[in-house]
Structures are given as C-alpha cells and as structure tokens.
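# Fold and geometry: a report
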Amino acid sequence: HVFKDQIRNKGQVSITDMAMTRFFLTLRDAITLLFKASEESIGGEIFVMTMPACSIVDLAEVLIEASGREDVKIVETGIRPGEKIHEILMSDYESLTTVVYDEEYLVILPTLNMPELKERYKHSRQVSFSSFSSNYHLMSKEEIREILQRGGFL
C-alpha cells in the first residue's frame, strides 16, 4: 500500500537499497500458516512457510507498470540503522535443528531435549541448506504480478 500511495501521490517510489529483498505472502497464506502450525504442532517447534521472495525493485516496477503511469521514478534513499538488506527466516544455527515437514513447511525444533518432538519428527529429513534468506530463489516479475493479483493488491 505504501508503494501504491507513493506512485499515485508522489510519482515516485522510495526504496532504501536497490539490492533489498523481502519474503512475500498474502493474508490468506499467513492465515494458512497459523492454522497449519496450530493444528500440527505439539509444542516447542516453530513452523516456517517456504514462502517466495522478491526483489523490492521488481515489486516496485510491477506496481508502477500496473498503475499505467509512465512518469514514476524509483528513488534510492539509503539504508536506515538496523535495517537489513535481506530477511532471514532460518539462520545457520537454526538449520542444524530444522527438518522438512512437507513441500510448503519447515519445522525448526528446539535445542532442548524434548523426546516427544524427536519422536514426532524422527522420519522428517534434515534441511539440506544452511539458512533461509530472501535473496535466494527470487520470483520473476510475472510471479510477483500473480501473487499481487491473488492477494488482491492489483
């Protein structure tokens, strides 16, 4: 909504860093994650949706294209203190105790010895990567457009 307002009212989109990436999920996806975790968890584990990520510049360009305006500029404003270029949903440390739940979800297990969790996830395979960051496997502009349409943003 911020980008759409900037396009409409200012004729420009402010981006703090042109390399910035973010995970993207619709409200429906977020609700699905909450229901999945509440239905499937037994306590102590963290469900992580393997959500898509996008370049913020690509997101802005898709929104600009959808606006129909040709006079909109993208302006880089500079990163603010504490702001990250990429989001991380699972760190290197957490990957040591993370398993693949299914095609859409990972489960981060606590480092505490919890026999019921070990039993529950004993057949789940360990993740094959060391972190889950928004700068990998970025959506194309067409995929961004589709998720924006599905989420009711376009």
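Provided above is the structure to which this section pertains.
Residues numbered from 1 in each chain as written. Predicted model: local features only at pLDDT ≥ 70, side-chain atom pairs only at ≥ 80, totals over all residues. Heavy atoms only, no water.

## What about the overall build of the protein chain?
Helices and strands together make up the secondary structure of the protein chain, namely six helices and nine strands. Judged by the C-alpha coordinates and their principal axes, the protein chain covers about 60 × 30 × 20 Å. Of all 154 residues assigned to the protein chain, the portion counted as buried reaches 36%. In the protein chain, the proportion of contacts linking residues at least 24 apart, taken out of those at least 6 apart, comes to 81%. When the accessible surface of the protein chain is split by element, carbon and sulfur atoms take 53% of a total near 9500 Å². Looking at charge distribution, the protein chain has the averaged site of its 17 positive side-chain charges lying 3 Å from that of its 24 negative ones. (Helix = DSSP H or I, 4+ residues; strand = E, 2+ residues; numbered from the N terminus. Buried < 20%, exposed > 50% of the residue type's maximum accessible area, 1.4 Å probe, protein only. Contact = heavy atoms within 4.5 Å. Areas by Shrake-Rupley, 256 points an atom, 1.4 Å probe, with all protein chains shown as cover. Lys, Arg positive; Asp, Glu negative; His and termini not counted. Charge placed at Lys NZ, Arg CZ, Asp CG, Glu CD.)

## Topic: helix H1 (residues 2-10)
All of the buried residues in H1 are Phe3, Gln6 and Ile7. Projected down its long axis, H1 shows its buried positions confined to an angular sector of 100°, all on one face. Residues of H1 that are exposed and point more than 90 degrees away from the buried face comprise Val2, Arg8 and Asn9. Along its buried surface, H1 packs onto strand E1 (12-15) and helix H3 (56-67). Positive backbone phi, at 70°, marks Gly11, one or two positions downstream of H1. (Arc of directions from axis to C-beta.)

## Side note on the environment of Met18
The topology assignment puts Met18 in the loop between E1 and strand E2 (21-23). Taking the C-alpha atoms as reference points, Met18 and Ser55, separated by 37 residues in sequence, lie 8.3 Å from one another. The contact partners of Met18, leaving out residues within four places of it in the chain, are Val57, Ile74 and Glu76.

## With respect to a nonpolar patch on the surface
A cluster of nonpolar residues, Leu27, Ile31 and Phe35, forms a patch on the protein surface that exposes about 330 Å² of accessible area. On the secondary structure map, Ile31 appears in helix H2 (residues 27-40). (Patch = residues over 30% accessible without salt bridge, like charges linked within 9 Å, V, L, I, M, F, W, Y side chains within 5 Å. Salt bridge = Lys/Arg side-chain N within 4 Å of Asp/Glu carboxyl O.)

## As for the nonpolar core
In terms of nonpolar packing, the biggest core is built from 21 residues, with Phe47, Met90, Leu106, Val107, Tyr121 and Phe132 touching the most fellow members. Secondary structure elements with two or more residues in this core: H2, strand E3 (46-49), strand E7 (98-100) and strand E8 (105-108). Ranked by the residues each element gives to this core, the list is headed by E8, at four residues. With residues near it in sequence (within four places) discarded, Met90 still touches Ser95, Thr98, Leu106, Ile108, Val127, Phe129, Ser130, Ser131 and Phe132. (Core = buried A, V, L, I, M, F, W, Y, C linked by side-chain atoms within 4.5 Å.)

## Focus: the pairing of E8
In E8, alternate side chains face the same way, and those of Tyr105 and Val107 on one face and Leu106 and Ile108 on the other are all buried. Two elements, E3 and E8, share four bridges in a ladder whose sense is antiparallel. Following the sheet pairing, Met49 is matched in E8 by Tyr105. When E7 meets E8, the two strands line up antiparallel, connected through three bridges. From the neighbouring strand, Thr98 faces E8, where its bridge partner is Ile108. Between E7 and E8, which pair antiparallel and follow one another directly, the connecting turn spans four residues. (Pairing = 2+ DSSP bridges.)

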